[in-house]
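# Report on the structure
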Amino acid sequence: MADWLARAAEGRARAGIVRATDVRRNPQSRPGLLDLASNDYLGLADDPRVREAAVAAVGRFGTGARASRVVTGTTAGHAELEAELARLTGQPACLAFSSGYTANVGLLTALGDPDTLFVSDAHAHASLVDGARLARSPVAICPHADLAALERLLRERTQPRAVVVVESLYSVLGDAADLDRIAALCAEHDALLVVDEAHGVGVAGHGRGAVHAAGLAGAEHVVLTATLSKALGAQGGAVLGPPALRAHLVDTARTFLFDTALAPAAAAAAAQACRIVRREPERVAALHGVARAIAGAAGVEHAPGAVQSLPVGAPEAAVDAAARLFDDGVVVGCFRPPSVPDGVSRLRLVARATLDPDRAADAAHHAAALAAASTAALAGAPG
Ligand SMILES: Cc1ncc(COP(=O)(O)O)c(C=O)c1O
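Everything numeric in this text was worked out from a predicted model, so none of it was measured.

### Some details on the overall build of the chain
Scanning the chain from terminus to terminus reveals 15 helices and 11 strands. Here the chain has a C-alpha radius of gyration of 21 Å; the compact-globule value for 383 residues is 21 Å, and the two agree. Dimensions of the chain, computed from C-alpha atoms along their principal axes, come out at roughly 60 × 55 × 50 Å. Within the chain, the proportion of its 383 residues that are buried is 54%. Partitioning the contacts of the chain with sequence separation of at least 6, the portion at a separation of at least 24 is 75%.

### Remarks on the UniProt feature "domain: Aminotransferase class I/classII large" (unreviewed entry) in the chain
Within this numbering scheme, the UniProt entry marks residues 33-364 as carrying the feature "domain: Aminotransferase class I/classII large" (unreviewed entry). Secondary structure content for residues 33-364 is 44% helix and 18% strand, and the end C-alpha separation is 14 Å.

### Here's the deal with the site of the ligand
As a structural note, the neighbourhood of the ligand is formed by 15 residues, with Gly 100, Asp 196, His 199, Thr 227 and Lys 230 the closest of them. A distance of 2.6 Å separates an oxygen atom of the ligand from a polar side-chain atom of Thr 227. Within the complex, 83% of the 390 Å² of free accessible area of the ligand lies under protein. Per-element tally for the shell around the ligand: the top contributor is helix H5 (residues 100-111), with three residues. Looking at side-chain class alone, the shell around the ligand contains two nonpolar, 10 polar and three charged residues.

### Details of unusual backbone geometry
The backbone phi angle of Arg 136 is positive, close to 60°, even though this residue is not glycine. Structurally, Arg 136 is set in the loop between helix H6 (126-134) and strand S4 (139-142).

### Focus: a nonpolar patch on the surface
Residues Met 1, Trp 4 and Leu 5 make up a contiguous nonpolar surface patch of roughly 400 Å² in combined accessible area. Following the sequence through the fold, Trp 4 ends up in helix H1 (residues 2-15). The exposed category is assigned to Trp 4, whose relative accessible area is 52%.

### So, the sheet that holds strand S9 (residues 307-313)
A sheet is described by the order of its strands in space; here four strands give the open sequence S1-S10-S11-S9, paired in mixed fashion. Strands at the two margins of the open sheet, each flanked by one partner only, are strand S1 (34-36) and S9. Averaged over all neighbouring strand pairs, the angle between strand axes comes to 30°, with direction disregarded. Inspection of the sheet shows strand S10 (residues 330-335) paired to strand S11 (residues 345-350) by three bridges, in the antiparallel sense. Across the sheet, residue Cys 334 finds its bridge partner in S11, namely Leu 347. Where helix H14 (residues 315-327) meets the sheet, it contacts S9, S10 and S11, and its direction lies at approximately 165° from that of S10. In this fold helix H15 (residues 357-380) packs onto S1, S9, S10 and S11, with an angle of close to 15° to the strand it touches most, S9.

Quick notes on the rules
- Residues numbered from 1 in each chain as written.
- Predicted model: local features only at pLDDT ≥ 70, side-chain atom pairs only at ≥ 80, totals over all residues.
- Heavy atoms only, no water.
- Helix = DSSP H or I, 4+ residues; strand = E, 2+ residues; numbered from the N terminus.
- Rg over C-alpha atoms; globule rule 2.2 N^0.38 Å.
- Buried < 20%, exposed > 50% of the residue type's maximum accessible area, 1.4 Å probe, protein only.
- Contact = heavy atoms within 4.5 Å.
- UniProt positions renumbered as here; feature names shortened; annotations may be inferred.
- Near = heavy atom within 4 Å.
- Polar contact = N/O pair within 3.5 Å; in protein donor to acceptor, adjacent residues only side chain to side chain.
- Areas by Shrake-Rupley, 256 points an atom, 1.4 Å probe, with all protein chains shown as cover.
- Nonpolar A, V, L, I, M, F, W, Y, C, P; charged D, E, K, R; others polar.
- Patch = residues over 30% accessible without salt bridge, like charges linked within 9 Å, V, L, I, M, F, W, Y side chains within 5 Å.
- Salt bridge = Lys/Arg side-chain N within 4 Å of Asp/Glu carboxyl O.
- Pairing = 2+ DSSP bridges.
- Axes fitted to C-alpha atoms, helices over the stretch in contact; angles between N-to-C directions.

Right, here's the structure in full:
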């Protein structure tokens with residue numbers, strides 16, 4: 001075992017993909033550190049109303065849910081959360097899960113069978129990939145955002161059913177799916193469309209998500225998944241769609257059935273965050289202002305969500321640039337294979353509604369300069 005682990009570690013070191021769980025990178029452990037890495041897009045994880053909702057839920061329900069939702073784990077707080085998420089996104093029904101990851105895996109495994117073709121975008125998140133793999137369905141990977149390929153895969157399929165899997169705003173590159181045309185293709189070819197709105201809820205469509213913005217909320221053939229751990233500032237996940245789908249998931253989604261219910265504090269925090277997103281669209285507008293400032297200063301094309309992606313190329317150059325940036329007081333995400341769908345390592349500069357746009361822009365400009373310097377240094381190094 002020890003030898004095997006050592007060999008695996010050497011392989012990762014050679015590939016430049018060693019990672020760390022370093023508490024010093026947490027902004028709370030270093031006052032003044034500028035956080036351009038967190039997914040708390042609207043700054044709600046720190047909002048006093050969200051914190052108070054979580055604390056009140058601990059007082060009312062305790063710290064843990066104690067059991068699965070289908071045993072004794074369902075509280076009034078879970079029902080309230082599901083109603084708030086449905087109201088925010090304009091969907092008829094909602095089922096909360098303990099994470100976005102388990103929501104995706106639970107949904108896809110519950111939808112799959114050998115007669116159902118999954119057509120998954122090549123940039124889909126790991127949780128969607130894993131869900132499709134576990135679903136015992138045939139899977140076709142569609143080249144990223146290639147609608148002609150998607151149409152061909154749907155038209156030429158031999159299976160009676162098909163499920164198309166996309167993200168509304170992609171997590172690493174930050175680009176948006178063309179939901180209008182994808183949903184139209186799905187309708188034409190009698191396919192179900194699953195849209196992962198992990199980065200869309202609270203961000204796209206004045207915070208109500210990209211599915212809502214595309215006029216697809218409540219469409220029979222469109223289902224969305226969400227995480228509560230990004231713009232909603234809490235923890236957990238959800239599937240939203242027709243009531244019959246919710247009932248199907250309660251009976252069959254293994255990551256729902258065989259998992260302890262979402263912690264009551266997380267449910268209450270996310271429910272409160274949903275109310276704030278609905279009532280304060282100016283927060284979402286502020287987020288987009290900061291995102292534009294970051295993209296402009298980094299010299300990258302402005303992506304429609306919070307995530308602005310700065311391509312670096314080699315993983316070593318990305319790691320080096322991120323480390324130097326950290327020394328200079330800015331923490332950014334450093335994405336390397338296998339977390340980058342196109343194999344290009346990048347710094348991921350994330351906007352937040354509560355950041356000062358000028359300070360964020362200065363940091364983004366500095367990030368771009370360090371990325372260029374690290375790339376040049378690596379190119380000049382003896383091979
Ligand atoms: C696109 C996408 N889907 C799902 C998830 C999983 O969400 P969670 O962190 O709530 O498990 C993430 C985030 O990590 C994500 O980026």
